[in-house]
Each structure stands twice: as C-alpha cells, then as structure tokens.
There are 2 protein chains.
Amino acid sequence: MKPLIFILLVMTFNSAYSQESDSISQVIIKIEKSALERWNKGDPSGFLEISAKDVVYFDPFTEQRLDGLDKLANLYNSIRGQIKVDKYDMINPNVQSVKNMAVLTYNLISVSGDSIHKWNCTEVYRIDHKKWKIIQTHWSLTKPEMKN
Amino acid sequence: MKPLIFILLVMTFNSAYSQESDSISQVIIKIEKSALERWNKGDPSGFLEISAKDVVYFDPFTEQRLDGLDKLANLYNSIRGQIKVDKYDMINPNVQSVKNMAVLTYNLISVSGDSIHKWNCTEVYRIDHKKWKIIQTHWSLTKPEMKN
C-alpha cells in the first residue's frame, strides 16, 4: 500500500497547493479590479493605497522608470480627476504566484466616449505586513501606431 | 544586556537578509545580461533557455499576451538571426525579491548602426528546479512617437 499512500499524499499536497494558488489568483484579481474601477472614475488613490513604498513604475509617457511611492503619488496626483473610462474589459487575467509574491498580467480595453485604448499590463504583488501590495507596475500600449 | 543582544540579533538578521537579496540581484542581472548579449547577436536561444514553460510575454508588436514557452519559441525563432545590436546600455537595473521569485526592471538603450532604440523592460524570475527562470517578460517602447 505504500505507493498508494504516497500517491494520495502527493495528490493531496498538489490539490492543496493548487487551491492556494487559485485563491491567491482570485484575491489579486479582485484587488486589481477594485483599484482599476476607482482609476476609471478619476481616482488614483485606489492604486496608491495598494502600492508598496518601493514600487517601481513604467508607462508609455515617462522617460525612465519611476522609483518609489512618493514619485508615483506625484504622477498620479497630477492627473487626479482627469481620467474617465466608461467601460473596461480585463482580458484573460493570469496570476503566477509563490507564497509571498505574484505576477498578474492582462490585456485591457478601455472605452472613453468614442475612443478605445488597448493596453498591456503587468503588476507584481508582494505580501507586505500580511497584505498584497504592488511593487511593480508596467503599462504599455498594445501595438501602438508609430510615426515611422 | 538583553536589548543589546536583541539589537545585535536583528542587525545580523537584517544584514544576512540584505546580503541574500544583494546576491539574488547580482545573479539575476548576470543571467539577464548574458541572454541579452546573445539576443543582440541574433540568437534568441539565450532567453528561451532561461524561460519557464508557463512564461507569459508582452512586446509592442503582439496583439495580445503570448502564453507559454512554445508560443514564445515560435515568435523568437521567426526572427532568429535578424537582430543585430552593436551597443547596449542596461540603465539602472533593479531587483526586488523574495526567496523564490524576483522582479528585474530596467531601461535599455540599444544602438544598431545609426538607430537608437529605447525600451522599458520587466522580467519576473522564479526558482524552477533550483534555477532562476523567467516567467514573465514585458518589453515596451519608452515614450513611443505616436501617429496621433
């Protein structure tokens, strides 16, 4: 019976691990959507509240990576109230995780009036004081139409 | 003496932790540079060899996130031999890590003849079978010059 017991133990372990990572995935997607929905109404505080002190940040409009929550807060506060997204679609969110860190990736479609914007997004979350916090955000445009 | 012993213990722990994360940082930057230098000579296998089976991938030319090593290999093999970068500068590489996962971010300048390309890069590494493997790559253009 030894092999059977071993197999059952491995199955139990794998199933527990898979449940844990499913649960991390659900939690993180929920946190992200909640911040995104505030963002879409012009309120960047949702993202600021879940970003860690050492967060690093890329978007298509910054010359270099931004380092740290203070710089990110300056940037976000400069556009507070200016974003209005009517509809969004978080396409195919995917979470890859270990116990204390996880990476969420998705494509995003944002609709503002007649404009449709398509984005690639990578968020890296880490457990800080028992809460998931963003330590890296990377926004880029999906297939941007370039001048040259 | 108790408080002093406690302080010394905390200092030792912090110093050991800091050394460990410094060492992860050095290892990961070395792995990345090595793959990048092969890439710059038209050889994408450096990146393929250090990418995990469940790697996910964004670049400015793909319509959606690519999922999995097979799809990434198809993409990379389609441009094998076509990249020639004469000089590169990995600007301000930064590694944020826990024991089994780490995120490397940097700005990259690539020079090919008279062309200069500027990139934002996020790589997420995870320990797979005792080796650091990339599970997420996000390349985007720094301040792309858009048509509109």
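Being a predicted model, the structure only gives us computed values, none of them experimental. (Residues numbered from 1 in each chain as written. Chains lettered and ligands numbered in written order. Predicted model: local features only at pLDDT ≥ 70, side-chain atom pairs only at ≥ 80, totals over all residues. Heavy atoms only, no water.)

(A) View of the overall build of chain A. Secondary structure assignment for chain A yields three helices and six strands. Helices and strands appear in chain A in the N-to-C order α-α-β-β-α-β-β-β-β. Scored against the burial criterion, the 148 residues of chain A give a buried share of 45%. Just so you have it, chain A exposes about 8,400 Å², and 57% of that area is on carbon and sulfur atoms. (Helix = DSSP H or I, 4+ residues; strand = E, 2+ residues; numbered from the N terminus. Buried < 20%, exposed > 50% of the residue type's maximum accessible area, 1.4 Å probe, protein only. Areas by Shrake-Rupley, 256 points an atom, 1.4 Å probe, with all protein chains shown as cover.)

(B) Here's a closer look at the pairing of strand β3 (residues 87-97) of chain A. Residue and element names in this part refer to chain A. Where β3 lies against strand β4 (residues 101-112), nine bridges are found, and the strand directions are antiparallel. Counterpart to Asp-89 in the pairing with β4 is Ile-109. Connecting the antiparallel pair β3 and β4 is a turn made up of three residues. (Pairing = 2+ DSSP bridges.)

(C) Geometry of the interface of chain A and chain B. At the interface, 43 residues of chain A touch 43 residues of chain B. With both chains or domains summed, chain A and chain B bury close to 3,500 Å², and 55% of this area falls on carbon and sulfur atoms. At the surface where chain A touches chain B, the tally comes to three salt bridges. Between B:Glu63 and A:Lys118 there is a salt bridge; the shortest N-O distance is 2.6 Å. (Contact = heavy atoms within 4.5 Å. Buried area = accessible area lost by both parts, 1.4 Å probe. Salt bridge = Lys/Arg side-chain N within 4 Å of Asp/Glu carboxyl O.)

(D) Here's a closer look at helix α3 (residues 69-78) of chain A. Residues and elements named next belong to chain A. Within the sequence span of α3, burial applies to Leu-72, Ala-73 and Tyr-76. All buried residues of α3 lie within an arc of 100° about the axis, which places them on one face of the element. Away from its buried face by more than 90 degrees, α3 exposes Asp-70 and Asn-74. (Arc of directions from axis to C-beta.)

(E) Representation of the relation of the copies chain A and chain B within the structure. Its rotation angle being 180°, the transformation that places chain A on chain B also includes 0.0 Å of axial translation and leaves an RMSD of 0.0 Å. Expressed as a symmetry operation, the mapping of one chain copy onto the other fits a two-fold axis. A shared interface surface links the copies, since 100% of the contact residues of chain A are contact residues in chain B too. (Least-squares fit on C-alpha atoms with pLDDT ≥ 70 in both.)

(F) Region of interest: the sheet that holds strand β1 (residues 51-58) of chain A. Residue and element names in this part refer to chain A. Taken in spatial order, the six strands make up an open sheet running β2-β1-β6-β5-β4-β3, and their pairing is mixed. Edge positions in the open sheet fall to β2 (66-67) and β3, since each of these has one partner strand only. Here α3 sits on the sheet in contact with β1 and β2, set at roughly 60° to β1. (Axes fitted to C-alpha atoms, helices over the stretch in contact; angles between N-to-C directions.)

(G) The sheet that holds strand β5 (residues 115-128) of chain B, seen in detail. Residues and elements named next belong to chain B. Taken together, the six strands give an open sheet; going across it, the order is β2-β1-β6-β5-β4-β3, and neighbouring strands pair in mixed fashion. Since the sheet does not close on itself, it has two edges, and those belong to β2 (66-67) and β3 (87-97), each with one partner. Where helix α3 (residues 69-78) meets the sheet, it contacts β1 (51-58) and β2, and its direction lies at approximately 60° from that of β1.

(H) Structural context of the environment of A:Cys121. Mapped onto the elements, A:Cys121 comes out in strand β5 (residues 115-128). Once the C-alpha coordinates of A:Cys121 and A:Asp59 are considered, the two residues, 62 residues apart in sequence, prove to be 9.6 Å apart. When sequence neighbours within four positions are dropped, the list of residues in contact with A:Cys121 reads A:Glu32, A:Leu104, A:Thr105, A:Tyr106, A:His138, A:Trp139, B:Phe58 and B:His138.

(I) Focus on the side chain of A:Gln96. Structurally, A:Gln96 is set in strand β3. At 2.9 Å, the side chain of A:Gln96 forms a polar contact with the backbone oxygen of B:Asp54. Within polar-contact distance, the side chain of A:Gln96 engages the backbone oxygen of B:Ile135 at 3.0 Å. Filtering out sequence-adjacent residues up to four positions away, A:Gln96 remains in contact with A:Met101, A:Ala102, A:Val103, B:Asp54, B:Val55, B:Val56, B:Met101, B:Ile135 and B:Gln136. (Polar contact = N/O pair within 3.5 Å; in protein donor to acceptor, adjacent residues only side chain to side chain.)

(J) Here's a closer look at the environment of B:Glu123. All names here are of chain B. Inspection of the secondary structure puts Glu-123 in strand β5. Note on Glu-123: relative accessible area 1%, which makes it buried. A distance of 2.5 Å separates the side chain of Glu-123 from the side chain of Thr-137, its partner in a polar contact.

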